[in-house]
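Each chain, letter by letter, is given below.
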Amino acid sequence: MKMMHVIIYWDNGMVFYDKDGNEIVQLPRQAIEQMSGNNRKITIPWNGVEYKIVRNPFDNEKEVQEMLAFYGKDR
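Thresholds, definitions, all that
- Residues numbered from 1 in each chain as written.
- Predicted model: local features only at pLDDT ≥ 70, side-chain atom pairs only at ≥ 80, totals over all residues.
- Heavy atoms only, no water.
- Salt bridge = Lys/Arg side-chain N within 4 Å of Asp/Glu carboxyl O.
- Buried < 20%, exposed > 50% of the residue type's maximum accessible area, 1.4 Å probe, protein only.
- Helix = DSSP H or I, 4+ residues; strand = E, 2+ residues; numbered from the N terminus.
- Contact = heavy atoms within 4.5 Å.
- Arc of directions from axis to C-beta.
- Core = buried A, V, L, I, M, F, W, Y, C linked by side-chain atoms within 4.5 Å.

A. Just the pattern of salt bridges, in detail. Enumeration according to the criterion identifies two salt bridges in this entry. Measuring nitrogen to oxygen at the nearest pair gives 3.0 Å for the salt bridge that ties Arg-29 to Glu-33. For Arg-29, a relative accessible area of 21% corresponds to the partly exposed category. Residue Lys-52 is joined to Glu-50 by a salt bridge in which the shortest nitrogen-to-oxygen separation is 3.3 Å. With a relative accessible area of 37%, Lys-52 lands in the partly exposed category.

Here you go:
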């Protein structure tokens, strides 16, 4: 499993980078709209792969909620 360290999101998608700044994956908005999850983990299916975002308890809760609201998901 690759650990993602940076997530950049915008209207048409989301990009994940590792700690060295290498791009892991770009996900389009249609993949993000299919995300599911709970308070600790978000799962995004895309091209036969499930990308999982496991939230760190030290994440900035306000920023996480803003990102989810941006994509229209209440979590």
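B. Molecular detail of the environment of Ile-8. Relative to the elements of secondary structure, Ile-8 occurs in strand E1 (residues 6–10). Classification of Ile-8 by relative accessible area gives partly exposed; the value is 40%. Contacts of Ile-8, omitting those with residues within four sequence positions, involve Gly-13, Met-14, Val-15 and Tyr-17.

C. Here's a closer look at helix H2 (residues 61–70). Those residues of H2 not exposed but buried are Val-64, Met-67 and Leu-68. Projected onto a plane normal to the axis of H2, the buried residues spread over an arc of 95° and lie on a single side. In H2, the exposed positions that point more than 90 degrees away from the buried face belong to Lys-62, Glu-63 and Ala-69.

D. View of the nonpolar core. Of all hydrophobic cores here, the largest spans 14 residues; its most connected members are Met-14, Phe-16, Leu-27, Met-35, Ile-42, Ile-44 and Leu-68. Looking at this core, the elements that each hand over two or more residues are strand E2 (13–17), strand E3 (23–28), helix H1 (29–32), strand E5 (41–46), strand E6 (49–54) and H2. For this core, the leading source of residues is H2, giving three residues. Non-local contacts of Ile-42, meaning those with residues more than four positions away in its chain, are made with Met-35, Ser-36, Gly-37, Tyr-51, Lys-52, Ile-53 and Leu-68.

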